[in-house]
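Now for the letters of each chain:
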Amino acid sequence: MNLKLHLIIAFIISLVCVLSFGLISLLISDNNIIDFDRDVIAAIQGLESPFLTKVMKFFTFIGSTPFVIILCIVFIFFLYKVLHHRSELILFISAIIGSAVLNQILKQVFHRARPNFHRLIDISGYSYPSGHAMNAFTVYVIITFLLWRHISTKWGRSILIIFSAFMILAIGTSRIYLGVHYPSDIIGGYLASGFWLTVAIWFFQFYQEKRYNKKYKSGN
């Protein structure tokens, strides 16, 4: 592992996420992104049908807190009992809890009201950034990161990435379709989660590097 290279990459990714999140937040506060939001909402909700509504409700359920908790418990059991990982458990749990805490803090900071154009479900709370978007991005990216080295084939890794990307986008899109989030809420959620995951993964890599050096190089 090249710790210096990891630090540079992590810094660049986190900086891009922070700057992009700040730009979107500024556009939201100045009401300069509302036309973009309305156009995207109109395009997505223009596809409305009874069948698609059921599909979108299914994906929004998958991104909900109760389902995410169940999924996390199953994956924690898999990490502990099947893969016999310990330090990865700390990363996984920290990433999930940290993302949820960060989402609540940001919602309280921005106090953005939810869209009220055409809602297909009822929901309360603030809109920005989307909790579902942050849940999906955090869960599926961290699972992909932890499972990556256990998949040796290129097609297996490709399926893992495609599946995770699909779930992240599907859950985010479902919130727009159901009328409970602006597109900028979803993008902001992805960026906020991207920043947090970058920091968490870098600290994990830093810990792994230090542990490796202590174990294998101190005896030389």
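The structure this text deals with has already been given above.
Residues numbered from 1 in each chain as written. Predicted model: local features only at pLDDT ≥ 70, side-chain atom pairs only at ≥ 80, totals over all residues. Heavy atoms only, no water.

> Help me understand helix H2 (residues 34-45), please; the structure alone is not making it clear to me.
An α-helical segment advances 3.6 residues per turn. Residues three or four places apart therefore align on the same side. With 12 residues, H2 ought to run about 16 Å at 1.5 Å a step, and its terminal C-alpha atoms sit 16 Å apart, in line with that. Every buried residue of H2 is listed here: Asp-37, Ile-41, Ile-44 and Gln-45. Down the axis of H2, the buried side of the element spans an arc of 90 degrees, and every buried residue falls inside it. When the buried face of H2 is taken as reference, the exposed residues oriented beyond 90 degrees from it are Asp-35, Asp-39, Ala-42 and Ala-43. (Helix = DSSP H or I, 4+ residues; strand = E, 2+ residues; numbered from the N terminus. Expected span 1.5 Å × (residues − 1). Buried < 20%, exposed > 50% of the residue type's maximum accessible area, 1.4 Å probe, protein only. Arc of directions from axis to C-beta.)

> Please clarify how the pattern of salt bridges should be interpreted in this entry.
Two side chains carrying opposite charge are able to pair once their charged atoms lie near each other. All chains considered together, the criterion is met by three salt bridges. A salt bridge links Arg-112 to Asp-37, with the shortest nitrogen-to-oxygen separation between them at 3.1 Å. In this pair, Arg-112 sits in the loop between helix H5 (87-110) and helix H6 (131-147) while Asp-37 sits in helix H2, placing the two residues 75 residues apart along the sequence. A salt bridge links Arg-112 to Asp-185; its shortest N-O distance comes to 2.7 Å. Taken together, the residues Arg-112 in the loop between H5 and H6 and Asp-185 in helix H8 (residues 183-216) connect sequence positions 73 residues apart. Residue Arg-112 is classed as buried on the basis of its relative accessible area, which comes to 12%. Put simply, Asp-37, Arg-112 and Asp-185 are held in one network by salt bridges that share partners. (Salt bridge = Lys/Arg side-chain N within 4 Å of Asp/Glu carboxyl O.)

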